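Structural overview for review
Residue-level listing of the chains:
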Amino acid sequence: MNRLNRFARMGRIFADYRRRRTEVATLPIRLWVESASVCNLRCIMCPNKCMTPAEKGLMKLDLFKKIVDEASLFTSDLYLHHRGEPFLNPALFDMIEYARAAGMKTRFHTNGTLMDEERAKKLIVAQPDLVSFSVDGFEKQAYEQIRVGATFEKTLDNIFGLLRLRREAGVRKPYVVIEKILFQDSDIPSDPVKVAELTRRFEEAGADEVIEKAEYLWAEEAAPELDQPAGRMICTFPWYAMVICWDGTVTPCPQDFHAKMELGNVTTQTIREVWNSPAYRDLRRRLSSDLDSLALCHKCDRLRRKTVGGVPVQYMFAFLTDQLVGYNRKLRRIIGTSERN
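Quantities reported herein were computed from a predicted structural model and do not represent experimental measurements.

1. Concerning the packing of helix α2 (residues 61–71) against helix α3 (residues 92–101)
Following both chains from N to C, one finds α2 and α3 inclined at 20 degrees, their axes separated by 10 Å at the closest point. One way to sum up the angle between α2 and α3 is to call them roughly parallel. Of the two elements, α2 crosses α3, and the hand of that crossing is right-handed. Between α2 and α3, the contacting residues are Leu61, Phe64, Lys65, Val68 and Asp69 on the first element and Asp94, Met95, Tyr98 and Ala99 on the second. Taken together, the residues that form the contact of α2 with α3 break down as 6 nonpolar, no polar and 3 charged.

2. Let's talk about the packing of aromatic side chains
Inspection of every chain in the model, using the stated rule, returns 10 aromatic pairs. Ring plane angle 80 degrees and centroid distance 5.4 Å describe the contact between Tyr17 and Trp239, whose orientation is recorded as edge-to-face. Taken together, the residues Tyr17 in helix α1 (residues 3–18) and Trp239 in helix α8 (residues 237–240) connect sequence positions 222 residues apart. Classification of Trp239 as buried rests on a relative accessible area of 1%. Chaining the aromatic ring pairs together yields one cluster made of Trp32, Tyr79, Phe237 and Tyr240. For Arg20, the ring lying beneath its charged end belongs to Tyr17, and the centroid distance is 4.7 Å. Above the ring of Trp275, the side-chain terminus of Arg284 is found at 4.6 Å from the ring centroid.

3. Digging into unusual backbone geometry
Of the consecutive residues Lys173 and Pro174, the connecting peptide bond is found in the cis state with omega at 0 degrees. Within the element layout of this structure, Pro174 appears in the loop between α6 (152–169) and β5 (175–182). Phi is positive for Arg20, which is not a glycine, with a value near 55 degrees. You can see Arg20 is positioned in the loop between α1 and β1 (30–33). Since its relative accessible area comes to 25%, Arg20 is described here as partly exposed. Positive phi is not limited to glycine here, since Ala259 has a value of about 55 degrees. Relative to the helices and strands, Ala259 resides in the loop between β8 (249–251) and β9 (264–265).

4. Description of the side chain of Arg166
Its location among the elements puts Arg166 in helix α6. Reaching out from Arg166, the side chain makes a polar contact with the side chain of Asp208 at a distance of 2.8 Å. Setting aside anything within four residues of it in sequence, one finds Arg166 in contact with Ile124, Val171, Arg172, Lys173, Pro174, Tyr175, Val176, Gly206, Asp208 and Arg329.

5. Considering the pattern of salt bridges
One pass over the full model with this rule turns up 21 salt bridges. In this structure, Lys66 and Glu70 form a salt bridge, with 2.6 Å as the shortest nitrogen-oxygen distance. Of this pair, Lys66 and Glu70 are both found in helix α2, 4 residues apart, which corresponds to roughly one turn of the helix. Lys66 sits in the partly exposed class, given a relative accessible area of 27%. When salt bridges with common partners are traced through the structure, they connect Glu117, Lys121, Arg164 and Glu168 into a single cluster.

Criteria and thresholds
- Residues numbered from 1 in each chain as written.
- Predicted model: local features only at pLDDT ≥ 70, side-chain atom pairs only at ≥ 80, totals over all residues.
- Heavy atoms only, no water.
- Axes fitted to C-alpha atoms, helices over the stretch in contact; angles between N-to-C directions.
- Helix = DSSP H or I, 4+ residues; strand = E, 2+ residues; numbered from the N terminus.
- Parallel < 35°, antiparallel > 145°, perpendicular 65-115°, else oblique.
- Left-handed = near helix turned anticlockwise from the far one by under 90°.
- Contact = heavy atoms within 4.5 Å.
- Nonpolar A, V, L, I, M, F, W, Y, C, P; charged D, E, K, R; others polar.
- Phe/Tyr/Trp six-rings, centres within 6.5 Å; stacked < 30°, edge-to-face > 60°.
- Buried < 20%, exposed > 50% of the residue type's maximum accessible area, 1.4 Å probe, protein only.
- Lys NZ or Arg CZ within 6 Å of the ring centre and 35° of its normal.
- Polar contact = N/O pair within 3.5 Å; in protein donor to acceptor, adjacent residues only side chain to side chain.
- Salt bridge = Lys/Arg side-chain N within 4 Å of Asp/Glu carboxyl O.

So yeah, pure geometry; function would need other evidence.
Right, dumping it as structure tokens:
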């Protein structure tokens with residue numbers, strides 16, 4: 001997809017969103033394709049540890065190829081993560097290479113604990129465009145309190161090893177982002193001196209960005225009602241993006257962690273068939289005029305954040321950066337990858 005075509009599609013997406021059209025003229029410009037819903041850690045803030053065995057699995061390469069073959073004409077980038085740890089899927093590197101050969105950008109998020117030197121070398125060869133690492137605790141006590149099952153020193157060795165291999169290979173991919181969550185829980189230790197020191201070490205080793213992100217509040221059915229009522233902002237996701245779980249189940253956004261809002265399944269349907277199906281059209285209608293009827297959406301804290309022109313600021317800047325700047329190293333470093341909360 002060339003840049004001019006992408007700009008035109010973004011304009012049509014915005015027009016459909018602003019007019020609250022339930023049948024969207026453009027197909028999703030971005031896909032979350034869940035390579036794995038299983039995880040090797042039990043992090044304190046993540047619902048993955050509460051998932052049932054039936055919810056956990058690895059996406060098969062054949063299904064991934066079907067998705068890419070359909071989406072390569074209209075999707076500009078793929079997120080190869082959702083609820084689990086991508087490195088647990090042995091087909092991850094083949095997925096990245098297959099999508100790249102189809103002209104699609106790829107990125108994924110990882111806890112970094114499984115990225116030994118062999119996997120890091122494969123990553124350099126596969127050439128994903130961006131890899132972000134959840135480090136979160138920038139000191140041993142905080143990290144191991146948050147990332148239950150991980151070892152602080154081992155994870156750092158893995159990340160620094162990838163940065164070293166990238167430097168030795170003389171390549172620019174993947175663009176490497178280190179993430180630190182700003183937790184609401186004051187019991188999690190955070191020493192500003194140690195945070196600054198590890199940030200400096202990451203930057204000196206070649207990490208492209210070290211960013212902080214506000215803690216997510218997952219919109220689960222059991223989550224308490226939020227004190228602040230939802231504003232007039234309408235969620236943008238069902239107008240431009242789609243989430244495809246490891247088994248082909250389609251859900252509207254990553255906030256639907258347990259895939260309660262099933263909109264179709266790409267094992268038996270095409271992406272095009274699902275995108276403007278009765279279920280998707282009904283979701284867009286209810287988001288626009290009957291939010292309280294959506295058990296998960298009306299609890300979503302994203303609907304209570306800042307907007308510009310009715311569009312949520314949190315995702316707007318990150319989305320525009322990805323679509324307009326792409327993975328241009330110099331410009332992305334200036335603008336930044338982080339979502340504005």
